[in-house]
Amino acid sequence: AVLAPSSHNTQPWIFKLLDDRVELHADTSRNLPVVDPQRRELVISCGAALFNLRLALRRFGFEDIVELLPNPYEPSLLARITYGDRVPCTPPIERLFRAIPHRHTYRGEFDSQIVFESTIDTLQSAAAEEGAWFQPVFAAEGRAAIAHLVAEADLIQMSSKEYRAELAEWMRPNFGEDLDGIPGYALGLNSLAASVAPLWVRFHDGGATASHKDADLINRAPLLGVIGTPNDTLGDWLAAGQALSHVLLQARINGVHAGFHNQPIEVPAFRSRLATLIHRPGLPQILLRLGQTAEPRPTPRRPVDQVLQFS
């Protein structure tokens, strides 16, 4: 579960182990109040961890019984997961489980190989199984319009001192003891650049550079895809997170990695524009760029004992 993706690699989850169940709680101390004031991305991140935990239960031969949002008076409690009957592990579950440690976010340019239609169909089915949808973007004009949205959103976000300060707070050197955040190597930075990058980002508006880079990455990506949900409730965010993890693991099985470009969803005025561009009822939750590359270096994770509590 702790190998799930999370915004800025904040890893905003806590697991409470009880006699016959595990509770998944949101760790709101790891929220990003500037970029994620409603905690939407925090809940999506927790949903991704929930899917990995469910997958592990099934891999080790147990039915996963999940109760979402079980207590309205305890808003941090997102799910209860109970061990069910013994069930055999199927080959598809085994493949998904084995993909978990090989799924890493990639922020560079992908190789030029296409993503096959059969893979795209698999990603759509994976999202649908979790109550969400995956909408690929094929048309050149749609891709260009999305690239323009991302570039505009970059300019808006990076012009904010508060946004830059929050981002800098989660940037990490290449060699250090931090077990969360974004190390410089994940951004393509050498050790010297990684050590000064947080200070540079905090006091320098790099929106123009970021917007050009991100637009180019999107225009060159073999595949763009949007994960969305029918509505925008806590339940929808959890569904989006579970769909995200399922989609990314299926992509990895098929030799495909992904990078995130959620800027147009994080800027409220642009979210509806993205929804219009993809011609899909519902609300976009995650914007992904997908393609093939050598396996990226993983970002650090907190050990289980730092996120596990006993009751």
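Here the structure is shown first, and the text comes after it.
Predicted, not measured: the structure shown is a model, and the values here were computed from it.

K.L.:
Just checking my understanding: could you explain the overall build of the protein chain for this structure?
P.N.:
For the protein chain, the helix and strand inventory stands at ten helices and eleven strands. On C-alpha atoms alone, the protein chain measures out to a radius of gyration of 19 Å, which is about the 19 Å that the 2.2 N^0.38 rule sets for 311 residues. For the protein chain, the spread of C-alpha atoms along the three principal axes comes to 55 × 40 × 35 Å. For the protein chain, buried positions account for 52% of its 311 residues.

K.L.:
What is the right way to look at the packing of helix α1 (residues 40-59) against helix α2 (residues 91-99) in this model?
P.N.:
The angle between the axes and the distance between the axes are what describe a pair of packed helices. At a closest axis distance of 9 Å, the pairing of α1 and α2 adopts a crossing angle of 130°. Taken as axis vectors, α1 and α2 run oblique relative to one another. In the packing of α1 onto α2, the handedness of the crossing is left-handed. Contact residues: α1 offers Leu55, Ala56, Arg58 and Arg59, while α2 offers Ile93, Glu94, Leu96 and Phe97. Across the contact of α1 with α2, the residue classes break down as five nonpolar, no polar and three charged.

K.L.:
Any chance you could explain the sheet that holds strand β3 (residues 62-68) here in plain terms?
P.N.:
Note on sheets: strands pair through backbone hydrogen bonds, and any given pair is parallel or antiparallel. Strand order in the open sheet formed by five strands is β3-β4-β2-β1-β11, with mixed pairing between adjacent strands. Every interior strand has two partners, whereas the edge strands, β3 and β11 (308-310), have only one. The average angle at which neighbouring strand axes cross in this sheet is 25°, direction not considered. As paired elements, β3 and strand β4 (residues 77-86) share six bridges and run antiparallel to each other.

K.L.:
Help me understand the pattern of salt bridges, please; the structure alone is not making it clear to me.
P.N.:
Opposite charge on two side chains permits pairing when their charged atoms draw close. On inspection of all chains with the given rule, the structure shows 18 salt bridges. Salt-bridge contacts for glutamate 295 lead to arginine 252; the nearest nitrogen and oxygen are separated by 3.4 Å. Of this pair, glutamate 295 sits in the loop between β10 (283-291) and β11 while arginine 252 sits in helix α8 (residues 234-253), and the two are 43 residues apart along the sequence. On the basis of relative accessibility, which here comes to 39%, the residue glutamate 295 falls in the partly exposed class. Because the salt bridges share partners, they merge into one network encompassing Asp27, Arg30, Arg172, Asp178 and Asp180.

K.L.:
Explain helix α7 (residues 207-220) to me, please; I cannot follow it from the model alone.
P.N.:
Side chains of residues three or four places apart in an α-helix project in the same direction, reflecting 3.6 residues per turn. A rise of 1.5 Å per residue sets the reference length of α7, with its 14 residues, at 20 Å; its end C-alpha atoms lie 20 Å apart and thus fit the reference within 8%. Turning to α7, its buried residues are Gly207, Ser211, Asp214, Ala215, Leu217 and Ile218. Viewed along the axis of α7, the buried residues span an arc of 160°, placing them on a single side of the element. More than 90 degrees from the buried face of α7, the exposed residues found are Thr209 and His212. The inward-facing, buried residues of α7 abut α4 (140-158), β8 (223-229), α9 (263-266) and β10.

K.L.:
Please explain the packing of aromatic side chains as it appears in this structure.
P.N.:
Working definition: an aromatic ring pair is given by the centre-to-centre distance plus the angle between the planes. Within this structure, the stated rule accounts for three aromatic pairs. For the pair tyrosine 106 and phenylalanine 110, a centre-to-centre distance of 5.3 Å together with 45° between the ring planes defines the contact as tilted. The aromatic ring of phenylalanine 62 is capped on one face by arginine 86, whose charged end is 4.5 Å from the ring centroid. Here the guanidinium or amino end of arginine 297 rests over the ring plane of tyrosine 185, the centre of that ring lying 3.7 Å away.

K.L.:
Just to check I follow, could you spell out unusual backbone geometry for this structure?
P.N.:
Peptide bonds are mostly trans, and most non-glycine residues show a negative phi. Despite not being glycine, asparagine 9 has its phi angle at roughly 55°, a positive value. Position of asparagine 9 among the secondary structure elements: in the segment before β1 (13-17). Phi is positive for leucine 69, close to 45°, though the residue is something other than glycine. Since its relative accessible area comes to 31%, leucine 69 is described here as partly exposed.

K.L.:
Would you explain empty space enclosed by the protein in this entry?
P.N.:
Regions of empty space are outlined by a rolling probe, equal in size to a water molecule, passed over the atoms. Inspection of every chain in the model, using the stated rule, returns two cavities of 30 Å³ or more. Empty space within the largest cavity amounts to approximately 50 Å³. The wall of the largest cavity is formed by Arg103, His104, Thr105, Leu248, Arg252, Val256, His257 and Ala258. Looking at the lining of the largest cavity, the elements that each hand over two or more residues are α8 and β9 (257-260). When its residues are assigned to classes, the lining of the largest cavity shows three nonpolar, three polar and two charged. Empty space within the second largest cavity amounts to approximately 40 Å³. If you trace the second largest cavity, you find it lined by Ser7, Thr10, Pro12, Arg30, Asn31, Leu32, Asp36, Glu41, Leu42 and Ser45. Considered class by class, the residues forming the lining of the second largest cavity number three nonpolar, four polar and three charged.

Here is what the cut-offs are and how they apply
- Residues numbered from 1 in each chain as written.
- Predicted model: local features only at pLDDT ≥ 70, side-chain atom pairs only at ≥ 80, totals over all residues.
- Heavy atoms only, no water.
- Helix = DSSP H or I, 4+ residues; strand = E, 2+ residues; numbered from the N terminus.
- Rg over C-alpha atoms; globule rule 2.2 N^0.38 Å.
- Buried < 20%, exposed > 50% of the residue type's maximum accessible area, 1.4 Å probe, protein only.
- Axes fitted to C-alpha atoms, helices over the stretch in contact; angles between N-to-C directions.
- Parallel < 35°, antiparallel > 145°, perpendicular 65-115°, else oblique.
- Left-handed = near helix turned anticlockwise from the far one by under 90°.
- Contact = heavy atoms within 4.5 Å.
- Nonpolar A, V, L, I, M, F, W, Y, C, P; charged D, E, K, R; others polar.
- Pairing = 2+ DSSP bridges.
- Salt bridge = Lys/Arg side-chain N within 4 Å of Asp/Glu carboxyl O.
- Expected span 1.5 Å × (residues − 1).
- Arc of directions from axis to C-beta.
- Phe/Tyr/Trp six-rings, centres within 6.5 Å; stacked < 30°, edge-to-face > 60°.
- Lys NZ or Arg CZ within 6 Å of the ring centre and 35° of its normal.
- 1 Å grid on protein atoms, 1.4 Å probe; cavity = no way out; pocket = protein on both sides within 12 Å on 5 of 7 lines; lining within 4 Å.
- Points joined across faces, edges and corners; volume = space filled by probe spheres on them.

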